[in-house]
Each structure stands twice: as C-alpha cells, then as structure tokens.
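Descriptive analysis of the structure
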Amino acid sequence: YWPVNMEKAFEILDVITEIAASRHKTIAQVAINWLLNKPAVTSVIIGVRKPSQLTDNIGAGGWNLSLEEMQKLDTVSAQLALYPAWHQMYADER
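Conventions we followed
Residues numbered from 1 in each chain as written. Predicted model: local features only at pLDDT ≥ 70, side-chain atom pairs only at ≥ 80, totals over all residues. Heavy atoms only, no water. Helix = DSSP H or I, 4+ residues; strand = E, 2+ residues; numbered from the N terminus. Buried < 20%, exposed > 50% of the residue type's maximum accessible area, 1.4 Å probe, protein only. Contact = heavy atoms within 4.5 Å. Areas by Shrake-Rupley, 256 points an atom, 1.4 Å probe, with all protein chains shown as cover. Axes fitted to C-alpha atoms, helices over the stretch in contact; angles between N-to-C directions. Parallel < 35°, antiparallel > 145°, perpendicular 65-115°, else oblique. Left-handed = near helix turned anticlockwise from the far one by under 90°. Nonpolar A, V, L, I, M, F, W, Y, C, P; charged D, E, K, R; others polar. Polar contact = N/O pair within 3.5 Å; in protein donor to acceptor, adjacent residues only side chain to side chain.

**Here we look at the overall build of the chain**
- A count of helices and strands for the chain gives 4 helices and 0 strands.
- If you list the helices and strands of the chain from N to C, you get α-α-α-α.
- Looking at the chain as a whole, 23% of its 94 residues are labelled buried.
- Long-range contacts, defined here as pairs at least 24 residues apart, represent 71% of the contacts in the chain between residues at least 6 apart.
- Summing over all exposed atoms, the chain offers an accessible surface of approximately 7,200 Å²; the carbon and sulfur share of this is 59%.

**Section: the packing of helix H1 (residues 6–23) against helix H4 (residues 67–77)**
- Contact geometry of H1 with H4 gives a least axis separation of 9 Å together with a crossing angle of 165°. Looking at the two axes, H1 sits roughly antiparallel to H4. Judged by the twist between their axes, the crossing of H1 over H4 is right-handed. In this structure, H1 uses Lys 8, Glu 11, Ile 12, Val 15, Ile 16, Glu 18, Ile 19, Ser 22 and Arg 23 to contact H4, whose residues at the interface are Glu 69, Lys 72, Leu 73, Thr 75, Val 76 and Ser 77.
- Considering only residue class, the contact of H1 with H4 consists of 6 nonpolar, 3 polar and 6 charged.

**Overview of the side chain of Ser 77**
- Looking at where Ser 77 falls in the secondary structure, it is placed in helix H4.
- Classification of Ser 77 as buried rests on a relative accessible area of 17%.
- A distance of 3.4 Å separates a polar side-chain atom of Ser 77 from the backbone oxygen of Asp 74.

Set out below in structure tokens:
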C-alpha cells in the first residue's frame, strides 16, 4: 500500500478548516470547491449516505475560493515527487 503521511493530512485539514470557518462553509464544501477549481479536474465524484450530505456537497458550488485561499491549499498540499523511489525512503526501517 502507499504510505500515508498523517501529519501532512492534518496540516491540510487545518488549512481547510480555517478557510471553512472564515467563509461559513463546511470542510466538505471547501474541499470540493478547491478540487472543482483545479484546471485538470473536470468533475468530482461524491458519495453520500444521507440527503443532508448531498445538500451539503451541493453547497460546494456557486462560489469560488479566492486566489489566496487556492494558493494556501496548493502550498500546504504540495507533495514530493516520490515515485518511483518512494520505497527507498523506508529502506532503513527494514
């Protein structure tokens, strides 16, 4: 399986949470809006179990994150180019 950097994930979540609070949006709405505004993304597949989740996710449209917010999210979520040598990072652990 691909290694997950939980510290990085929480850093991203902290920024999304901060933006959501300042915009009076939910974390899901900010995350979906961010993805919808990425040039390479043509659609976002959402999964819901309750009608309230669908309503919340639909609220991700009709507004846009600012350029500053997009840059903040892009910066915090930037990943190192690990492939094809990601396994070498963990060689010392074996």
